[in-house]
Amino acid sequence: MTILRRLLRQKSTALNPETSALASLWALRLLVRGQLWKRLAEQRHSLDDDILRLVNLEEYIDEKVSGSELYAALSTELDELSSHPPGVAGPLAANLDELAECLYLESLDCEILCLVVLYEEQKGLREVFDLASPCPGQNQMIRLISVALEQPTVAIRRALANDSALRQSGLLRPVEDASDSLELSEGLSDILLYRSDASHELLRRYSLVDQPFELDLDAFDHLQEQVRLICRYVKRSGARGTPGVNILIYGEPGTGKTELVRAVAHSLAIDLHEIRHADHREMPISGDERFAAYRFCQRMLAPTSDTAIMFDEIEDVFIHGASRGRKAWVNRLLEENPRPAFWLSNDIDCMDPAFVRRFDLMLRMPALSDDIRLRIARRQLRGLNVSEEWLTRTAARQRVQPGHFANAGKIARHLGLRRQDRVETTLDAVLDGLAAALEHPGVEPETKEQVRSLQSPFNPALTNADCDLPALLEGIGRSGMGRLCLYGPPGTGKSELARYLAAELQVPLVARKASDLLDMYVGGSEKNLAAAFAEAKEHGGVLLIDEADSFLYSREGAHRSWEVSQVNELLVQMEQYEGILVMATNHMRVLDSAALRRFDFKIRFDYLRPAQAVLFARTVLAEAGSLVDVALLHAHLANLELAPGDFNVVKRRCKVLCEQMTQEILVAGLAAECRTRRQRQGRAIGFVTV
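Let me sum up the structure you'll find in this document. For clarity, every value in this text was computed on a predicted model and none was experimentally measured.

The rules behind each value
Residues numbered from 1 in each chain as written. Predicted model: local features only at pLDDT ≥ 70, side-chain atom pairs only at ≥ 80, totals over all residues. Heavy atoms only, no water. Helix = DSSP H or I, 4+ residues; strand = E, 2+ residues; numbered from the N terminus. Buried < 20%, exposed > 50% of the residue type's maximum accessible area, 1.4 Å probe, protein only. Contact = heavy atoms within 4.5 Å. Areas by Shrake-Rupley, 256 points an atom, 1.4 Å probe, with all protein chains shown as cover. Pairing = 2+ DSSP bridges. Axes fitted to C-alpha atoms, helices over the stretch in contact; angles between N-to-C directions. Core = buried A, V, L, I, M, F, W, Y, C linked by side-chain atoms within 4.5 Å. Domains from an automatic or database assignment. Polar contact = N/O pair within 3.5 Å; in protein donor to acceptor, adjacent residues only side chain to side chain. Expected span 1.5 Å × (residues − 1). Parallel < 35°, antiparallel > 145°, perpendicular 65-115°, else oblique. Left-handed = near helix turned anticlockwise from the far one by under 90°. Nonpolar A, V, L, I, M, F, W, Y, C, P; charged D, E, K, R; others polar. Arc of directions from axis to C-beta.

Here the focus is the overall build of the chain. When you go through the chain residue by residue, the secondary structure sums to 36 helices and 14 strands. The buried share of the chain, reckoned over its 690 residues, is 50%. Within the chain, contacts between residues at least 6 apart in sequence are counted, and of these 76% link residues at least 24 apart. Surface summary for the chain: the accessible area is close to 33300 Å², and the carbon and sulfur share equals 51%.

Written as C-alpha cells, this is what we have:
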C-alpha cells in the first residue's frame, strides 16, 4: 500500500464510528436496491477491497465469490443495519445542525450535504458510486442519491436546483454539465468533519473582516454629499433589515474605492466582510468560488443588523456570470440580499445596463486632482516636518494613491524623524516604492523636469519637420488648443514632440497606444477612445494617440461594421474636443480623408538633415565627455538617413554594455542602424517588392 493510500486510510478511520456506519448503510442500499452488486461481482479489482471493508465483508477480500453469494451477504448486512439505522454523530452532526439554523436548510439538504461529505472522505463510498459510472451525469447522480437516501428523485432534484438553499448558500459548487456534479466548496468537508465551529470558520475562510484602513471620511471631502447620502442610506436600511441594498462604486485604480468603503463602515460602526480573492493557502479563487462565498456570507449574516459585505472586481459576477446564462439569477440576487453590499469595479462599460439599473446608489470615483491629493497629503502627514513646497510637488505625482500618504506617514513617524530633509527624503523613498509597485498605464508625469528625466531629450532644432515648430508650439501655448497629425518614419520624434509640448505647458500628458485602446469585443474600442478623450479633458492635458493608423484607416476599404464605427467614434470625439490632440502615425497614406480634414496641422517628420545629424552627434559625445572630430563626423554621417531614435539606440547599447561612448562607437552604431533599416525596406512582401 502506498504512503498516500495509508494516509487516506488513516483519515478514513478517524471518522466517528456511527458516521462511518451511516456511509455503510448508504453503500449497501446502492449495492442491493440500486443493483450495483452486479457490477461489483463482474468487475473485481484492487479498489473493491475498500468497498468490502466499508460494508463489513472483509472476509471476501481476495476470495472467489459467486454473484448469488455476494448478493446474499450484502442483503444480510443491509437488513441488519436497517433494523437499527445509524445517524450522524460528532462534530459533523453539530455543524450540520448549526448550518441548518443559520442558512435555513431543510433536513433533506443536510442529508445531501452529509452524503457529499462522506462521498469525498469515506473510503469505499465513492467507489460504490463509481460502479454505476466513473463520471456519472447529473440525472444519474440524482437517481443514485435518491436510492441511497430513500428520498424521491423529484425532491433531490429540487434540493439541488439553482435557486435551492444548498446552491444559494455556496456550500455546493454549481453543477457543471455531467461530471462531479456534487463537488463541495474547497475545504468544506474537513471543516464539517473536524471543526467544532464550522459556520464561523467558513465565514473567516470566505471573507476578511474589519481590515485596517488608512483614510477616514475626511479624506474624501471632495465627495462629501455623495458619501453622506451613502452613510445615511446604509445606516437606516441596515437597522431596518431592508433587503436588496446594493451600492456600486467604480473608477480607475488608485482613486480610493476600497479605502472609501472601509471608512464608511468604520464611521457607521459596522463589521465589513470583504470577499476574499485568495484562499487560506494564498491561491487565487475563481469567480464562481467568490460568488459562492458571497452567497454564503449573505446567508450567514442575514440575522445581523451591524454588518455589510464588499465585493471587489465585480466583473467575476456581472460580466462572466451573465455570459454563462445567469442573468435572471444575478438580477434576483440584487433584489434579495439581506445585508447591504458594496460592489467595486474599475470599469462598468462592459456591464449589462440591466444590471446597472438594479443598484440603488452609484458613485463614480473621480481621478484625483492635484488639489485633492494636496488636501489628503496635508491631512495624512500632519505633524511631520515637511515644507509646503514639498507637499505641492508631491501632490502633483499622479501615480501616488491616497493610501500611500498614510503609509508613508506611518513609517516616518515610526522612525522618529525630525529633520525636514530626512523626513522628506524618507517619504519620497516610500512613495516611490508604493507607486512603482502599482504602476499602470495612464497619465504620464506632469512636470517638465519629470518628463525630461524619464524620456530622451527633445530639441525642435534637432528635428526635421516641414513646419516652423517653435512658432507652432508658441501658438498652441497661447491658445491651449490644436489638432496635430504627425507622420513620418519611426524614430523621427513624433511622440517626443507631444511629451515636449506637455512639459513646456506644464500640463499632464495622457498617452495612449493602439494596444491600450483596441478591444476584442465589439464596441469596446469606441468606449476606450471616449474614455481617453474624457480623461484628457478632465485633466486639461495633452492627449497623444500613437499608432493612429489603427483607428483612422480609410473607411472605403472597411469590410466590417466595427471598422467603420471606430473611425466614426474618433471623428466625433475630435470634433467635440477643445484641447490639444496629437496623433502620430508611420502610415499616412492609409488614413481616412475625412479624418485628415479635421486636423489643424499635418506635419511630416523626416530623417535628420546632415547638419542636424552632426549637431546631434556632437551633443551626444559632449554629454559623454568624449573628444569630437567635426570634420570626420561630417564625412561619416553625410550619406546616412538618421533619426533621433537611432542615436538613442546607440546610447542605450553603450549603457547596457557599460562602454564609454566614443566617436568611433557612435558612428559605427549609427551606420549599423541605417544599414538594418535599408535591408528591411528592401525585403519582398508576397509578390511585391517594396
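From this point, the narrative continues.
Glancing now at the sheet that holds strand β1 (residues 207-209). With respect to topology, six strands assemble into an open sheet ordered β1-β3-β4-β5-β2-β6, the strand pairing being mixed. A single partner strand is all that each edge strand has here, and the edge strands are β1 and β6 (361-364). On average, each strand axis in the sheet is inclined to that of its neighbour by 20°, with strand direction left out of account. Taken together, the five bridges between strand β2 (residues 246-250) and strand β5 (residues 341-345) define a ladder with parallel strand orientation. Within β5, the position partnered with isoleucine 249 by the bridge is leucine 344. With respect to the sheet, helix α15 (residues 257-268) is in contact with β2, β3 (271-275), β4 (307-311), β5 and β6, its orientation differing from that of β5 by roughly 165°.

It is worth spelling out the nonpolar core at this point. Core analysis: the largest hydrophobic core is formed by 89 residues, its most contacted members being Leu171 and Trp343. Element by element, the count of residues in this core is highest for helix α7 (residues 107-121), at ten residues. When we break this core down by domain, the ones giving at least three residues each are domain 1 (1-196) and domain 2 (203-364). Residues contacting leucine 171, with those up to four places away along its chain left out, are Leu99, Leu103, Leu105, Leu113, Leu166, Leu184, Ser185, Leu188, Leu202 and Phe296. Of all hydrophobic cores here, the second largest spans 44 residues; its members include Leu268, Leu361, Ile372 and Leu431.

Okay, the side chain of arginine 373 next. As for its placement among the helices and strands, arginine 373 is situated in helix α21 (residues 370-380). Note on arginine 373: relative accessible area 3%, which makes it buried. At a separation of 2.7 Å, a polar atom in the side chain of arginine 373 contacts the main-chain carbonyl oxygen of alanine 395. Setting aside anything within four residues of it in sequence, one finds arginine 373 in contact with Leu368, Ala395, Arg397, Gln398, Val400 and Phe405.

Our focus in this paragraph is the pairing of β5. With respect to burial, β5 is a largely interior element, five of its five residues being buried. Side-chain alternation along β5 places Ala341, Trp343 and Ser345 on one buried face and Phe342 and Leu344 on a second face that is also buried. Two strands pair when backbone bridges link them, and β4 and β5 are joined in this way by three bridges, in the parallel orientation. Bridge assignment links isoleucine 309 to a residue of β5, and that residue is alanine 341.

On to helix α6 (residues 90-103), then. A turn of α-helix holds 3.6 residues, and therefore any two residues three or four places apart point the same way. In a regular helix each residue adds 1.5 Å, so 14 residues correspond to 20 Å; α6 covers 20 Å between its end C-alpha atoms and thus fits that length. Taken residue by residue, α6 has Leu92, Ala93, Asn95, Leu96, Leu99, Ala100, Cys102 and Leu103 as its buried positions. Following α6 by one or two positions, tyrosine 104 adopts a phi angle in the positive range, close to 60°.

The interhelical angle for the contact between helix α2 (residues 17-32) and helix α8 (residues 125-132), taken along N-to-C directions, is 15°, at an axis separation of 9 Å. Considering the angle they form, α2 stands roughly parallel to α8. The interaxial crossing formed by α2 with α8 has left-handed handedness. For the pair α2 and α8, the contacting residues are Ala23, Ala27, Leu30 and Leu31 in the first and Leu125, Val128, Phe129 and Leu131 in the second.

Further remarks concern the sheet that holds strand β12 (residues 601-606). Two strands in a sheet stick together by hydrogen bonds in their backbones, pointing the same way (parallel) or opposite ways (antiparallel). Sheet architecture is open: six strands sit in the order β7-β12-β8-β11-β10-β9, paired in mixed fashion. The open sheet terminates on both sides in strands that have one partner only, identified here as β7 (464-465) and β9 (509-512). In this sheet, β12 lies alongside β7 in antiparallel orientation, the contact comprising two bridges. Bridging across to β12, alanine 465 finds its partner in phenylalanine 605.

Moving on: the packing of α7 against α8. Interaxial distance between α7 and α8 falls to 6 Å at its minimum, and their mutual angle equals 95°. If you check the angle between α7 and α8, you find them roughly perpendicular. Of the residues in α8, those touching α7 at Leu115, Leu118, Tyr119 and Glu120 are Leu125, Arg126 and Phe129. For the contact of α7 with α8, the per-class residue count stands at five nonpolar, no polar and two charged.

Turning our eyes to something else, we now look at helix α14 (residues 224-240). An ideal rise of 1.5 Å per residue puts 24 Å on 17 residues; α14 measures up with 25 Å between its terminal C-alpha atoms. When α14 is considered as a whole, its buried residues turn out to be Val227, Ile230, Cys231, Val234, Ser237 and Gly238. Considered in projection along α14, the buried side chains sweep an arc of 155° and stay on one side of the axis. Of the exposed residues in α14, those oriented more than 90 degrees away from the buried face are Glu225, Lys235, Arg236, Ala239 and Arg240. Each element contacted by the buried residues of α14 is listed here: β2, α15, β5 and β6. One or two residues past the end of α14 sits glycine 241, with phi positive at roughly 70°.

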